[in-house]
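# Breakdown of the fold
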Amino acid sequence: MVAKIEKWDQKYSEHEFLYGKSENDFLREVSAFFPEQAEILSLGEGEGRNSIYLAKQGFKVTALDSSKVALQKLSKWAGTESLKIECWQTNIEQVDLGIEKWDVIVSIWFHLPSQLRKKVHEQVISALKPGGWIALEAYTPDQLAYKTGGPQDQDMLLTKDILMKEFFDFEFIILRETIRNVQEGTGHKGESATVQLLGRKPF
Ligand SMILES: C[S@@+](CC[C@H](N)C(=O)[O-])C[C@H]1O[C@@H](n2cnc3c(N)ncnc32)[C@H](O)[C@@H]1O
């Protein structure tokens, strides 16, 4: 695991902003659903583009990532924008996300080995308040053929069916597989096969 964390630190050291400075398109599309001043946790946040966007909308944002390099960049960027974003530099395997703590949990391109991902999604469900929102975009196995970003490991990829099972009692406002042109820095570039979820935990 240490090797994987180091791999991300190295990637982020080599690029100024690996996925650019603009927020993810799907997150922009769905953020209008989030309650005013929502407490939002962003998983695998990286260098901060999504957190900065959300903080600018007036949300209270916590950014979780195992990469020290990424979160240092995020803190510096937030400082220049006079935004307050809490950073949790931690391995998701070792963290307690809390119980009914968050209005929204964001997971953008946060690909994990399936066994770990299932445990994390169980935690996400417990950690959301009743009526809380999950906003997620991830690559599907079809992305292996596109080679425009994301892990080249089928086990880490997601589908609509998997998400339906892992968030079985949620209301699915959006749950779709799509082919779309992703333009996010040098890290994600071109036609891509993704799955998008905007779901709501039952009250
Ligand atoms: C593809 S990047 C996505 C970055 C960001 N969400 C974005 O869209 O710009 C995946 C992120 O997950 C983080 N990550 C990977 N494994 C992790 C783990 N076990 N615990 C916490 N963060 C992890 C990496 O450091 C990396 O920043």
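Quick look at the structure, then.

Cut-offs and rules
Residues numbered from 1 in each chain as written. Predicted model: local features only at pLDDT ≥ 70, side-chain atom pairs only at ≥ 80, totals over all residues. Heavy atoms only, no water. 1 Å grid on protein atoms, 1.4 Å probe; cavity = no way out; pocket = protein on both sides within 12 Å on 5 of 7 lines; lining within 4 Å. Points joined across faces, edges and corners; volume = space filled by probe spheres on them. Helix = DSSP H or I, 4+ residues; strand = E, 2+ residues; numbered from the N terminus. Pairing = 2+ DSSP bridges. Axes fitted to C-alpha atoms, helices over the stretch in contact; angles between N-to-C directions. Contact = heavy atoms within 4.5 Å. Core = buried A, V, L, I, M, F, W, Y, C linked by side-chain atoms within 4.5 Å. Buried < 20%, exposed > 50% of the residue type's maximum accessible area, 1.4 Å probe, protein only. Right-handed = clockwise from strand over helix to strand, strands pointing away. Expected span 1.5 Å × (residues − 1). Lys, Arg positive; Asp, Glu negative; His and termini not counted. Salt bridge = Lys/Arg side-chain N within 4 Å of Asp/Glu carboxyl O. Polar contact = N/O pair within 3.5 Å; in protein donor to acceptor, adjacent residues only side chain to side chain.

### A closer look at the layout of surface pockets
The space that makes up the largest pocket amounts to roughly 840 Å³. Contributing to the lining of the largest pocket are 40 residues, with Lys7, Trp8, Trp109, Phe110 and His111 lying nearest its centre. Those elements that provide at least two residues to the lining of the largest pocket are helix 1 (2-14), strand 1 (39-43), helix 3 (49-56) and strand 2 (60-65). By residue number, the principal contributor to the lining of the largest pocket is helix 1, which donates six residues.

### Details of the sheet that holds strand 3 (residues 86-89)
What the seven strands build is an open sheet, ordered 3-2-1-4-5-7-6; its pairing is mixed. In this open sheet, the two edge strands, each paired with only one partner strand, are strand 3 and strand 6 (171-184). The sheet shows a mean angle of 15° between the axes of neighbouring strands, direction not considered. As defined by bridge partners, strand 6 adjoins strand 7 (residues 188-200) across 13 bridges and the pair is classed as antiparallel. Residue pairing across strands places Gln183 opposite Lys189, the latter belonging to strand 7. Contacts between helix 3 and the sheet are confined to strand 1, strand 2, strand 4 (102-108) and strand 6, with strand 2 contributing the most and set at about 170° to the helix. In the packing of helix 4 (residues 68-80) onto the sheet, the strands contacted are strand 2 and strand 3, and the crossing angle to strand 3 comes to about 170°.

### Description of the nonpolar core
Nonpolar side chains tend to gather and get buried jointly when the protein is soluble and globular. If you look at the biggest cluster of nonpolar residues, it comprises 30 residues, and the most contacted ones within it are Phe34, Ile40, Leu54, Ile85 and Leu198. Put simply, the parts of the chain that give this core at least two residues each are helix 2 (25-30), helix 3, strand 2, helix 4, strand 4, strand 5 (128-139) and strand 6. Residues within four places of Phe34 in sequence aside, it is in contact with Leu27, Ile40, Leu54, Phe59, Val104, Trp133, Ala135 and Leu198.

### Looking at the pairing of strand 2
The buried count for strand 2 comes to five of six residues, which makes it a mostly enclosed element. Bridge analysis of strand 1 against strand 2 gives five bridges, and the strand direction is parallel. Along strand 2, the bridge assignment pairs Ser42 with Ala63. Taken together, strand 1, helix 3 and strand 2 form a β-α-β motif whose crossover is right-handed. Of the pairings in the sheet, the one linking strand 2 to strand 3 comprises four bridges and is parallel in character. In the sheet register, Asp65 faces strand 3, and the bridge partner there is Gln89.

### Thoughts on the pairing of strand 5
The element strand 5 is extensively covered by neighbouring structure, given that 10 of its 12 residues are classed as buried. For strand 4 and strand 5, the ladder comprises six bridges, and the chain directions are parallel. Counterpart to Val104 in the pairing with strand 5 is Trp133. Read as a crossover between parallel neighbours, the route from strand 4 over helix 5 (residues 114-127) to strand 5 is right-handed.

### Side note on helix 5
For helix 5, spanning 14 residues, the distance from its first C-alpha to its last is 19 Å, which sits close to the expected 20 Å at 1.5 Å a residue. Buried within helix 5 are the following residues: Ser114, Leu116, Arg117, Val120, His121, Val124, Ile125 and Ala127. If you follow the buried residues of helix 5, they end up packed against strand 1, strand 4, strand 5 and helix 7 (160-166).

### So, the environment of Ile105
Here Ile105 is to be found in strand 4. Separated by 78 residues in the primary sequence, Ile105 and Leu27 place their C-alpha atoms 11 Å from one another. With near-sequence residues (within four places) excluded, Ile105 lies in contact with Leu41, Leu43, Val124, Ala127, Leu128, Trp133, Ile134 and Ala135.

### A look at the side chain of Asp65
Along the chain, the position of Asp65 falls in strand 2. An unpaired buried charge is present at Asp65: no salt bridge exists, and Arg49, the closest side chain of opposite charge, is 10 Å distant. Side-chain polar atoms of Asp65 contact the backbone nitrogen of Ser67, separated by 2.9 Å. Leaving out residues up to four positions away in the same chain, Asp65 has contacts with Gly44, Glu45, Gly46, Leu71, Trp88, Gln89 and Thr90.

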